[in-house]
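Residues per chain are reported as follows:
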Amino acid sequence: MALVRCSSLCRGLGVQRQALLGCRAVLGGVARPCSGPGKELGSNITRREQQQQKGQDSGATYGRIGRAGLTDHKVNKLERYILVWGGKFKSLDEVPVFVSQDTIERARNKARIKVNLMMVAATLVGCLVMIYSGKMARDAGESVVKMNQDWHKKINEEYRKSIDKKEE
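Residues numbered from 1 in each chain as written. Predicted model: local features only at pLDDT ≥ 70, side-chain atom pairs only at ≥ 80, totals over all residues. Heavy atoms only, no water.

Student: Even after reading the chapter, I still don't get helix H4 (residues 77-85), so can you show me in this structure?
Tutor: Burial in H4 covers these residues: Glu79, Ile82 and Leu83. Along the axis of H4, the buried residues cluster in a sector spanning 100°; they form a single face. Along H4, exposed side chains directed more than 90 degrees from the buried face belong to Lys77 and Leu78. On its buried face, H4 is in contact with strand S1 (72-74), strand S2 (98-100) and helix H5 (101-139). Where H4 starts, the residue carrying a side-chain oxygen 3.3 Å from the main-chain nitrogen of Leu78 turns out to be Asn76. Just beyond H4, the residue with positive phi is Gly87, at close to 90°. (Buried < 20%, exposed > 50% of the residue type's maximum accessible area, 1.4 Å probe, protein only. Helix = DSSP H or I, 4+ residues; strand = E, 2+ residues; numbered from the N terminus. Arc of directions from axis to C-beta. Contact = heavy atoms within 4.5 Å. Polar contact = N/O pair within 3.5 Å; in protein donor to acceptor, adjacent residues only side chain to side chain.)

Here you go:
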(Lines give C-alpha, C1' and ligand atoms only; values in the text may rest on other atoms or scores of the structure.)
Protein backbone atom coordinates (compact mmCIF):
# COMPACT_ATOMS: atom_id res chain seq x y z
CA MET A 1 0.00 0.00 0.00
CA ALA A 2 2.83 2.37 0.90
CA LEU A 3 4.55 1.56 -2.38
CA VAL A 4 1.43 2.47 -4.34
CA ARG A 5 1.36 5.85 -2.58
CA CYS A 6 5.09 6.25 -3.16
CA SER A 7 4.75 5.50 -6.86
CA SER A 8 1.84 7.95 -7.16
CA LEU A 9 3.91 10.58 -5.40
CA CYS A 10 6.90 9.89 -7.63
CA ARG A 11 4.72 10.21 -10.71
CA GLY A 12 3.32 13.48 -9.39
CA LEU A 13 6.86 14.73 -9.02
CA GLY A 14 7.66 13.76 -12.61
CA VAL A 15 9.70 10.59 -12.04
CA GLN A 16 9.71 8.41 -15.15
CA ARG A 17 8.01 5.02 -15.23
CA GLN A 18 11.35 3.32 -15.87
CA ALA A 19 12.70 4.65 -12.57
CA LEU A 20 9.69 3.22 -10.74
CA LEU A 21 10.12 -0.14 -12.41
CA GLY A 22 13.79 -0.05 -11.44
CA CYS A 23 12.67 0.09 -7.80
CA ARG A 24 10.89 -3.25 -8.23
CA ALA A 25 14.13 -5.22 -7.76
CA VAL A 26 14.97 -3.34 -4.56
CA LEU A 27 11.49 -3.71 -3.09
CA GLY A 28 11.06 -7.38 -3.91
CA GLY A 29 9.00 -7.17 -7.07
CA VAL A 30 5.92 -5.63 -5.47
CA ALA A 31 6.00 -2.36 -7.39
CA ARG A 32 3.07 -1.99 -9.73
CA PRO A 33 2.05 0.92 -11.91
CA CYS A 34 -0.98 2.87 -10.84
CA SER A 35 -2.63 6.10 -11.86
CA GLY A 36 -1.52 9.07 -9.84
CA PRO A 37 -2.02 12.81 -9.85
CA GLY A 38 0.74 13.41 -12.38
CA LYS A 39 0.38 10.56 -14.87
CA GLU A 40 -2.19 8.20 -16.27
CA LEU A 41 -1.63 4.49 -16.88
CA GLY A 42 0.52 3.76 -19.88
CA SER A 43 1.42 7.40 -20.39
CA ASN A 44 4.89 8.89 -20.36
CA ILE A 45 3.80 12.55 -20.26
CA THR A 46 2.16 14.40 -17.42
CA ARG A 47 -1.30 15.90 -17.46
CA ARG A 48 0.28 19.34 -17.34
CA GLU A 49 2.19 18.61 -20.53
CA GLN A 50 -1.03 17.32 -22.12
CA GLN A 51 -2.81 20.55 -21.22
CA GLN A 52 0.04 22.59 -22.68
CA GLN A 53 -0.11 20.56 -25.89
CA LYS A 54 -3.84 21.26 -26.12
CA GLY A 55 -3.15 24.97 -25.61
CA GLN A 56 -4.81 25.21 -22.23
CA ASP A 57 -3.31 27.45 -19.59
CA SER A 58 -2.29 25.12 -16.79
CA GLY A 59 -1.36 28.13 -14.61
CA ALA A 60 -5.01 29.00 -14.08
CA THR A 61 -5.82 25.74 -12.32
CA TYR A 62 -5.48 25.22 -8.60
CA GLY A 63 -3.06 22.54 -7.49
CA ARG A 64 -0.46 22.84 -10.22
CA ILE A 65 3.05 21.52 -9.79
CA GLY A 66 5.46 24.19 -8.59
CA ARG A 67 9.12 24.39 -7.67
CA ALA A 68 10.54 21.30 -5.96
CA GLY A 69 7.41 19.35 -6.89
CA LEU A 70 5.19 21.02 -4.30
CA THR A 71 1.72 22.00 -5.35
CA ASP A 72 1.14 25.72 -5.49
CA HIS A 73 -0.86 27.45 -2.81
CA LYS A 74 -3.40 30.19 -3.39
CA VAL A 75 -2.34 33.10 -1.22
CA ASN A 76 -4.90 34.75 1.08
CA LYS A 77 -4.73 38.29 2.44
CA LEU A 78 -2.89 37.46 5.67
CA GLU A 79 -0.31 35.39 3.82
CA ARG A 80 0.28 38.30 1.44
CA TYR A 81 1.16 40.50 4.42
CA ILE A 82 3.40 37.77 5.83
CA LEU A 83 5.23 37.41 2.49
CA VAL A 84 5.82 41.17 2.30
CA TRP A 85 6.79 41.45 5.99
CA GLY A 86 9.20 38.51 5.59
CA GLY A 87 10.99 40.31 2.77
CA LYS A 88 10.10 37.89 -0.03
CA PHE A 89 8.27 40.63 -1.98
CA LYS A 90 8.58 44.42 -1.86
CA SER A 91 4.86 45.26 -1.88
CA LEU A 92 1.45 43.61 -1.74
CA ASP A 93 0.96 44.21 -5.46
CA GLU A 94 4.02 42.11 -6.33
CA VAL A 95 2.70 38.99 -4.55
CA PRO A 96 1.37 36.52 -7.15
CA VAL A 97 -1.93 34.66 -6.78
CA PHE A 98 -0.15 31.29 -6.49
CA VAL A 99 3.02 30.75 -4.47
CA SER A 100 4.71 27.42 -3.70
CA GLN A 101 4.05 25.86 -0.32
CA ASP A 102 7.76 26.00 0.41
CA THR A 103 7.73 29.78 0.04
CA ILE A 104 4.67 30.10 2.29
CA GLU A 105 6.22 27.89 4.97
CA ARG A 106 9.48 29.85 4.92
CA ALA A 107 7.60 33.15 5.23
CA ARG A 108 5.51 31.77 8.13
CA ASN A 109 8.64 30.55 9.89
CA LYS A 110 10.31 33.95 9.48
CA ALA A 111 7.18 35.68 10.81
CA ARG A 112 6.99 33.26 13.73
CA ILE A 113 10.62 33.95 14.62
CA LYS A 114 10.13 37.72 14.37
CA VAL A 115 7.06 37.59 16.63
CA ASN A 116 8.94 35.45 19.17
CA LEU A 117 11.88 37.86 19.18
CA MET A 118 9.49 40.79 19.70
CA MET A 119 7.91 38.96 22.64
CA VAL A 120 11.34 38.33 24.14
CA ALA A 121 12.22 42.01 23.75
CA ALA A 122 8.91 43.09 25.32
CA THR A 123 9.48 40.70 28.24
CA LEU A 124 12.98 42.07 28.82
CA VAL A 125 11.72 45.66 28.71
CA GLY A 126 8.93 44.76 31.16
CA CYS A 127 11.45 43.13 33.52
CA LEU A 128 13.74 46.14 33.40
CA VAL A 129 10.81 48.50 34.13
CA MET A 130 9.77 46.39 37.12
CA ILE A 131 13.35 46.30 38.44
CA TYR A 132 13.57 50.08 38.13
CA SER A 133 10.22 50.67 39.84
CA GLY A 134 11.17 48.24 42.64
CA LYS A 135 14.42 50.10 43.28
CA MET A 136 12.57 53.44 43.30
CA ALA A 137 10.06 52.06 45.81
CA ARG A 138 12.89 50.73 47.98
CA ASP A 139 14.55 54.14 47.98
CA ALA A 140 11.24 55.76 48.95
CA GLY A 141 11.00 53.39 51.94
CA GLU A 142 8.09 51.36 50.63
CA SER A 143 7.97 47.62 51.09
CA VAL A 144 5.41 44.85 50.77
CA VAL A 145 5.46 44.24 54.53
CA LYS A 146 4.76 47.92 55.25
CA MET A 147 1.94 48.00 52.68
CA ASN A 148 0.40 44.89 54.29
CA GLN A 149 0.58 46.37 57.76
CA ASP A 150 -1.04 49.63 56.55
CA TRP A 151 -3.83 47.69 54.86
CA HIS A 152 -4.53 45.67 58.04
CA LYS A 153 -4.61 48.86 60.13
CA LYS A 154 -7.12 50.39 57.74
CA ILE A 155 -9.35 47.29 57.72
CA ASN A 156 -9.24 46.97 61.53
CA GLU A 157 -10.16 50.65 61.97
CA GLU A 158 -13.10 50.30 59.59
CA TYR A 159 -14.25 47.20 61.44
CA ARG A 160 -14.05 48.96 64.83
CA LYS A 161 -16.02 51.94 63.47
CA SER A 162 -18.73 49.64 62.10
CA ILE A 163 -19.00 47.85 65.47
CA ASP A 164 -19.18 51.19 67.33
CA LYS A 165 -22.02 52.34 65.03
CA LYS A 166 -23.95 49.12 65.67
CA GLU A 167 -23.62 49.53 69.46
CA GLU A 168 -25.00 53.06 69.40
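Student: For this particular structure, what's the right way to read the pattern of salt bridges?
Tutor: Pairing is possible between side chains of opposite charge, provided their charged atoms come close. Counted under the stated rule, the structure contains four salt bridges. The partner of Arg108 in a salt bridge is Glu79, with the nearest N and O atoms 2.5 Å apart. With Arg108 in helix H5 and Glu79 in helix H4, this residue pair connects regions lying 29 residues apart in the sequence. Of the charged contacts, one joins Asp102 and Arg106 as a salt bridge, the two residues approaching to 3.6 Å between their closest N and O atoms. On the criterion of helical spacing, the pair formed by Asp102 and Arg106 is a turn pair, its members being four residues apart in helix H5. Beyond isolated ion pairs, a larger network of salt bridges with shared partners links Glu79, Glu105 and Arg108. (Salt bridge = Lys/Arg side-chain N within 4 Å of Asp/Glu carboxyl O.)

Student: Would you mind showing me how to read a nonpolar patch on the surface here?
Tutor: On the surface, a cluster of nonpolar side chains totalling about 390 Å² of accessible area is made up of Trp85, Val115, Met118 and Met119. No other element matches the three residues that H5 contributes to the nonpolar patch. Within the secondary structure layout, Val115 lies in helix H5. Taking relative accessible area as the criterion, Val115 reaches 37% and is therefore assigned partly exposed. (Patch = residues over 30% accessible without salt bridge, like charges linked within 9 Å, V, L, I, M, F, W, Y side chains within 5 Å. Areas by Shrake-Rupley, 256 points an atom, 1.4 Å probe, with all protein chains shown as cover.)

Student: Hey, could you run me through the nonpolar core in this one?
Tutor: Considering soluble globular proteins, one finds that nonpolar side chains tend to be buried as a cluster. Counting nine residues, the largest nonpolar core consists of Val75, Ile82, Leu83, Phe89, Val95, Val99, Ile104, Ala107 and Ala111. Broken down by secondary-structure element, the contributors of at least two residues to this core are H4 and H5. Sort the elements by how many residues they give to this core and H5 lands first, with three residues. Residues within four places of Val95 in sequence aside, it is in contact with Val75, Arg80, Leu83, Val84 and Phe89. (Core = buried A, V, L, I, M, F, W, Y, C linked by side-chain atoms within 4.5 Å.)

Student: Would you mind showing me how to read the packing of H4 against H5 here?
Tutor: Two quantities define a packed helix pair, namely the angle between the axes and the distance from one axis to the other. Their axes nearest at 9 Å, the elements H4 and H5 cross at an angle of 70°. By the angle class used here, H4 and H5 are roughly perpendicular. Of the residues in H5, those touching H4 at Glu79, Ile82, Leu83 and Trp85 are Thr103, Ile104, Ala107, Arg108, Ala111, Lys114, Val115 and Met118. Classifying every residue of the contact of H4 with H5 gives eight nonpolar, one polar and three charged. (Axes fitted to C-alpha atoms, helices over the stretch in contact; angles between N-to-C directions. Parallel < 35°, antiparallel > 145°, perpendicular 65-115°, else oblique. Nonpolar A, V, L, I, M, F, W, Y, C, P; charged D, E, K, R; others polar.)

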